[in-house]
Amino acid sequence: MSSGLSLPLIDLYSPDRAAVAESIRQACIEYGFFYVINHGIGKGIFQKVFEESQKFFSLPLEEKMKLKRNDAHRGYTALYAETLDTSTEFKGDLKESFYIGSNSQDDLNQWPSEESLPLWRDTMQSYHQDVMSVAKRLASLIALSLNLDDNFFERIGAWDFPMASVRLLHYPGELSACDNGKYGASAHSDYGIITLLVTDGVPGLQICREKDTNPQLWENVHHVNGAFIVNVGDLLERWTNCLFRSTLHRVLAIGKDRYSVAFFLDPNPDCLVECLESCCSDSHPPRFPPIRSGDYLKERLRVTYS
Ligand SMILES: O=C(O)CCC(=O)C(=O)O
Ligand SMILES: [Fe+2]
C-alpha cells in the first residue's frame, strides 16, 4: 500500500539558523528525510549534469564497461550488478550507475574519453564541488540541531579527506519478463552521514518509516522542483544512537526511464563514529560500539556487491 507524504522543507540560507536547526532535528527524528530548498545550486547546473549523465548511459555497454567500477569504488556499475536488499530472492537491481569520488583523490576517478564526452569531466567535478559545499553547510546545521558546535564535523577531522561521492543513476524503462518482482533500487538505508538526491521528476522513490511493521507501509516521496531530497545515513544514526533515523527506502521499476543523481557525504575514513554524549544516558546506553568510518563503509560496500 502506498500513500502521499509531505516531508518538511528546509531553507538552507534562512537567517534564523536556530529555527532551521530545530526543524532539521524534528525532520530527522520523525522521517529521516526532508527537502532542502534555497541551497544556491542553480537549475542550469542540474540540467547540465543530467544531460551529461544521459549521454554517458546512452553509450554502448562495451564502452561503459571499459570504465567498470575499480577497487577504489569509482566508475560504472551495470544493470543487475548491485543488490541493495540482500534478504530477498530477487538478485540484481534494475539500475546502472557511475561513481565519482572526491576531487582531492582525483587520480582514483575514471572518466569517459574527451573525444566522446568533452564536457563530462568538468561538469561532474564542478558539481561535486558545489554539492560538497551545500552538504557541509547542512552538516553544520545538523551539528547545531544536536546541540553541538556548528563546526563539530570540522573539529573531528571529518572533512579533512572526506569520502564524498557523486553517483549518477539510470533506471531503464524497458524491462523484460525475468525482471518481474525486481526493484530499480531494492529496500536499503544509505551508509554515510547524509545523502543529497536530485531526480528528473519521474516517480518511484518510496520510504518506509517503520521497517518492523507487518505489512510494511511504503509512502511515495514527491518531486519538488529544484529541491534536494536529503536523508540521514547509517553513520549519523549510529552517532545519534538512533535518535535520527536512517530510513529504509527503495525505487520502484515503473517501466519508464528515470535518472537521478545522489551525493553521499561520508567522512574521513579515519574518523571515529561513536555515540554522542547528548544521545545516551544510563537508561539509554549506546547501541553500537565505536567504529572507524572507513571500516564501516568498506564492509557495507562489500556486502552490497558480493
Ligand atoms: O534514485 C533514487 O531516487 C534513490 C537512489 C538511492 O536511494 C541510492 O542510490 O542510495
Ligand atoms: Fe539510497
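Since the structure is predicted, the reported quantities are computational estimates derived from the model, not experimental observations. (Residues numbered from 1 in each chain as written. Chains lettered and ligands numbered in written order. Predicted model: local features only at pLDDT ≥ 70, side-chain atom pairs only at ≥ 80, totals over all residues.)

Draft legend 1. Seen up close, the sheet that holds strand E13 (residues 258-265). Strand order in the open sheet formed by eight strands is E2-E3-E11-E8-E13-E6-E5-E4, with mixed pairing between adjacent strands. The outermost strands of the open sheet, each flanked by one partner alone, are strand E2 (9-11) and strand E4 (75-77). Sheet twist, expressed as the average angle between the axes of neighbouring strands with direction ignored, equals 25°. As paired strands, strand E3 (residues 33-37) and strand E11 (residues 228-232) are joined by four bridges and run antiparallel to one another. Within E11, the position partnered with phenylalanine 34 by the bridge is valine 230. Strands in contact with helix H1 (residues 17-30) are E2, E3 and E11; relative to E2, the strand with the most contacts, it is inclined by about 155°. Packed onto the sheet, helix H2 (residues 43-57) meets strand E5 (96-100), strand E6 (165-171), strand E8 (194-199) and E13 and runs at close to 110° relative to E13. (Pairing = 2+ DSSP bridges. Helix = DSSP H or I, 4+ residues; strand = E, 2+ residues; numbered from the N terminus. Axes fitted to C-alpha atoms, helices over the stretch in contact; angles between N-to-C directions. Contact = placed C-beta atoms within 7 Å.)

Draft legend 2. Fine view of the site of ligand 1. All residues in the neighbourhood of ligand 1 are listed as Arg167, Leu169, Ala185, Asp190, Leu197, Thr199, Leu205, His249, Val251, Ser260 and Ala262. Residues that form the shell around ligand 1 fall into these classes: six nonpolar, three polar and two charged. (Near = placed C-beta within 6 Å. Nonpolar A, V, L, I, M, F, W, Y, C, P; charged D, E, K, R; others polar.)

Draft legend 3. Region of the structure containing the packing of H2 against helix H4 (residues 120-145). At a minimum axis separation of 10 Å, H2 and H4 run at an interaxial angle of 135°. Relative to H4, H2 is oriented oblique. By crossing handedness, the relation of H2 to H4 is classed as left-handed. Contact residues: Ile45, Lys48, Val49, Glu52 and Phe56 in H2; Trp120, Thr123, Met124, Tyr127 and Asp130 in H4. Residue classes in the contact of H2 with H4 are distributed as six nonpolar, one polar and three charged. (Parallel < 35°, antiparallel > 145°, perpendicular 65-115°, else oblique. Left-handed = near helix turned anticlockwise from the far one by under 90°.)

Draft legend 4. Expanded view of the UniProt feature "domain: Fe2OG dioxygenase" (unreviewed entry) in the chain. In this structure's numbering, the residues bearing the UniProt feature "domain: Fe2OG dioxygenase" (unreviewed entry) are residues 162-267. The span residues 162-267 is 6% helical and 39% strand by assignment, and the distance between its end C-alpha atoms comes to 5 Å. (UniProt positions renumbered as here; feature names shortened; annotations may be inferred.)

Draft legend 5. Structural detail: the nonpolar core. Phe34, Ala135, Ala139, Ile194 and Phe263 are the most contacted members of the largest nonpolar core, which totals 68 residues. The greatest single-element share of this core, amounting to 11 residues, is contributed by H4. Once residues within four sequence positions are removed from consideration, isoleucine 194 is found in contact with Ala135, Leu138, Ala139, Val230, Asn231, Val232, Gly233, Leu236 and Leu265. (Core = buried A, V, L, I, M, F, W, Y, C linked by C-beta atoms within 7 Å. Buried ≥ 20, exposed ≤ 12 C-beta atoms within 10 Å, placed from the backbone.)

Draft legend 6. Spotlight on H2. In a regular helix each residue adds 1.5 Å, so 15 residues correspond to 21 Å; H2 covers 21 Å between its end C-alpha atoms and thus fits that length. Inspection of H2 places Val49, Glu52, Ser53 and Phe56 among the buried residues, and these make up the whole buried set. Seen along its axis, H2 keeps its buried residues to an arc of 105°; they face one direction. Facing away from the buried side of H2 by over 90 degrees, the exposed positions are Lys43, Gly44 and Gln47. Lining the buried residues of H2 we find E5, H4, E6 and E13. (Expected span 1.5 Å × (residues − 1). Arc of directions from axis to C-beta.)

Draft legend 7. View of unusual backbone geometry. Each neighbour pair has its own omega, and for asparagine 214 with proline 215 the value is 0°, a cis peptide bond. Looking at the secondary structure, you find proline 215 in the loop between strand E9 (205-208) and strand E10 (218-220). Not every positive phi belongs to a glycine, and asparagine 241 is a case in point at roughly 55°. Of note, asparagine 241 is situated in the loop between helix H6 (234-239) and strand E12 (248-251). Residues other than glycine seldom take positive phi values, yet cysteine 242 does so here, at roughly 70°. Counting through the fold element by element, cysteine 242 comes out in the loop between H6 and E12. Residue class for cysteine 242 comes out partly exposed when judged on the 16 C-beta atoms lying within 10 Å of it.

Draft legend 8. Structural detail: the environment of tryptophan 111. Counting through the fold element by element, tryptophan 111 comes out in the loop between E5 and H4. Spatially, the C-alpha atoms of tryptophan 111 and leucine 9 are 35 Å apart, while their sequence positions differ by 102 residues. Ignoring sequence-local partners within four residues, the contact set of tryptophan 111 consists of Trp120 and Arg121.

Draft legend 9. Looking closely at the confidence of the model for the chain. With 95% of its residues at a pLDDT of 70 or more, the chain has an overall mean of 93. For this predicted complex, the interface confidence comes out at an ipTM of 0.99, alongside a pTM of 0.95. (pLDDT = per-residue confidence, 0-100.)

Draft legend 10. Summary view of the packing of H1 against H4. Between H1 and H4, the least distance of the axes is 8 Å, while the angle of their chain directions is 80°. What the angle tells us is that H1 and H4 run roughly perpendicular. Side by side, H1 and H4 meet where Arg17, Val20, Ala21, Glu22, Ile24 and Arg25 of the first sit next to Leu141, Ile142, Leu144 and Ser145 of the second. Looking at the contact of H1 with H4, its residues break down into six nonpolar, one polar and three charged.

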